[in-house]
Amino acid sequence: MSNTLQIFMIIAEVIYFILIFCFLKRKTLSLKYTLLWLIAGLVMLFFTIFPLTMIRAVKFIGVESAMNGLFALCIFFIIIILMSLTSIASKQSERIRTLTQQIAILEKRVREIEELNEKADENSNMQEGA
Amino acid sequence: MKVLVIIPAYNEEESIKMTIDKLSKDAPYVDYLVVNDCSRDHTKEILEQMHASFISLPVNLGIGGAVQSGYRYALANHYDIAVQIDGDGQHDTAYLATVLEPLQKQEADVVIGSRFIAKEGFQSSGMRRAGIKILDSLIFLCTGIEIKDSTSGFRAINRTMIELYAKEYPIDYPEPEAIVRAAVEGARILEVPVVMKERNAGQSSIRPLHSAYYMLKVSIAIILCRISNHKRRK
């Protein structure tokens, strides 16, 4: 890995962390779902600062060029993050389903109570009239 | 025993009134609950006009979510038996007593109204029957239970199963998977012969273009359900 690439990679990673930090500060990202992003960023940062470790690791798993190893790592992280997103979406749709059902059942109860009240009102009005 | 008939309805403005009227005539001794699954037509207005017993989902949940709301309602209001029928008039409520009987005698936990036992009435197209056969064999392989009409939406369950289905019920194409879910829980499942009619109006939840997707998804769901519930089998 050339020195120039190393410098640009570090700059890119710093921007990456600043972005995540800003999102966290504005509370548009909840920390729970950001942990994966942070871990991915830290691993990338570690490999950029110590390129030799990456070259060895990449050789170990049988990839020839260090750059290809880096790409493979990126893709790996992206897939993991996508999976976690799908799992979050599934969990949320489950919760929305339960909420929807509960609201509908409550709405029926409210409707029935209102009808009862109306009837009671009518009755008391009639009695007052009489 | 308190019986609740659950009628999921999505865009059934043409048939819902008839279905309810026929039900109240055939079985005046049961309560019913229409689950309006956020219909885009006038189903809700018709239900309001009729002063029918209904709940109205604020967002569309699909047949599984709609039926499950019914089971949740049955659970909350202490019903002993819940029966599920379609809102389109496909299921003849004259057979309600047939479906209820094994439950009242406590001979079964789940009773399925099957159109393939007596082989009378509307039998569905050849293609669809072949699909149902495949699913039936898969259910037999996974649970050892022989079912002839696994996609029938005409079914009755007892209190134990109401508790189970209120908690978890399959979402997209729920009928076959729900059988497997009950089977792995050790439920006694019984099929009784009923006669079904062709849909009066409205749209089937299974459209022809989606059949391949349907078969694949349901098959995977059945196998998954069997695997993930292995340890809980009684």
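In case you missed it, the structure is sitting above this.
Right, let's get into the side chain of S219 of chain B. Looking at where S219 of chain B falls in the secondary structure, it is placed in helix α8 (residues 211–228). You can call S219 of chain B buried: its relative accessible area is 17%.

All names here are of chain B. Among the seven residues that make up strand β1 (residues 3–9), seven are buried, leaving the element largely enclosed by the rest of the structure. On β1, burial covers both faces: V3, V5, I7 and A9 on one face and L4, I6 and P8 on the other are all buried. The pairing of β1 with strand β4 (residues 81–84) spans four bridges and is parallel. Pairing of I6 across the sheet is with Q84, part of β4. Two elements, β1 and strand β2 (residues 31–36), share six bridges in a ladder whose sense is parallel. Paired with I7 across the bridge in β2 is V34. Considered for its hand, the β-α-β crossover made up of β1, helix α1 (residues 16–26) and β2 is right-handed.

With that out of the way, let us pick up the packing of helix α3 (residues 62–76) of chain B against helix α6 (residues 159–167) of chain B. Residue and element names in this part refer to chain B. The geometry of α3 relative to α6 is characterised by a closest axis approach of 8 Å and an angle of 125° between their N-to-C directions. Relative to α6, the element α3 lies oblique. Relative to α6, the crossing made by α3 is left-handed. Across from Q68, Y71, R72, A74 and L75 in α3, the residues of α6 making contact are R159, I162, E163, Y165, A166 and K167. Partitioning the contact of α3 with α6 into residue classes produces six nonpolar, one polar and four charged.

With that settled, the discussion passes to the sheet that holds strand β5 (residues 110–114) of chain B. All names here are of chain B. The mixed open sheet is built from seven strands, whose spatial order is β3-β2-β1-β4-β6-β5-β7. Every other strand in the sheet has two partners, leaving β3 (54–56) and β7 (189–193) as the edge strands with one partner each. Strand-to-strand twist across the sheet, computed as the mean angle between neighbouring axes with direction ignored, equals 20°. As paired elements, β5 and β7 share five bridges and run parallel to each other. By the bridge assignment for β7, S114 is matched with P193.

Here the focus is the pattern of salt bridges. Residue and element names in this part refer to chain B. Overall, the coordinates contain twelve salt bridges over all chains when judged by the stated rule. Here D21 makes a salt bridge to K17, at a shortest N to O gap of 3.1 Å. Placement of the pair is D21 and K17 together in helix α1, with a separation of four residues, close to one helical turn. Assessed through its relative accessible area of 38%, D21 is described here as partly exposed. Here D109 ties to R188 by a salt bridge, and the two come within 3.1 Å at their closest N and O atoms. With a gap of 79 residues between them, D109 in the loop between α4 (96–104) and β5 and R188 in the loop between α7 (174–184) and β7 connect regions that are remote in the sequence.

Reading the values: the criteria
For every chain, the first residue of the written sequence is number 1, and numbering continues from 1 onward in sequence order. Note on labels: chains are lettered from A, ligands numbered from 1, in written order. Whole-chain, interface and lining totals are the exception, using all residues; otherwise, since this is a predicted model, local features are given only for residues with pLDDT of at least 70 and side-chain atom pairs are given and counted only at 80 or more. Hydrogens and water molecules were not included; the side-chain quantities draw on all heavy atoms of the structure. For the purposes of this entry, the term helix denotes a DSSP run of H or I that reaches at least four residues, the term strand denotes a run of E that reaches at least two, and both are numbered from the N terminus. Working definition: with a 1.4 Å probe on protein chains only, accessible area under 20% of the residue-type maximum means buried, over 50% means exposed, and in between means partly exposed. When DSSP finds two or more bridges between two strands, those strands count as paired. Look down the strands so they point away from you; if going from the first strand over the helix to the second traces a clockwise path, that crossover is right-handed. Lines are fitted to the C-alpha atoms to define the axes, a helix being fitted only along its stretch in contact, and any angle between axes, read from their N-to-C directions, falls within 0 to 180 degrees. Geometric relationships in this document are graded by angle, where less than 35 degrees denotes roughly parallel, more than 145 denotes roughly antiparallel, 65 to 115 denotes roughly perpendicular, and other angles denote oblique. A clockwise turn of the near helix away from the far one marks a right-handed crossing, whereas an anticlockwise turn of less than a right angle marks a left-handed crossing. Any pair of residues with heavy atoms lying within 4.5 Å of one another is described as a contacting pair. Just so you know the grouping, Ala, Val, Leu, Ile, Met, Phe, Trp, Tyr, Cys and Pro go in nonpolar, Asp, Glu, Lys and Arg go in charged, and all remaining residues, Gly too, go in polar. Each reported salt bridge corresponds to a side-chain nitrogen of Lys or Arg within 4 Å of a carboxyl oxygen of Asp or Glu.

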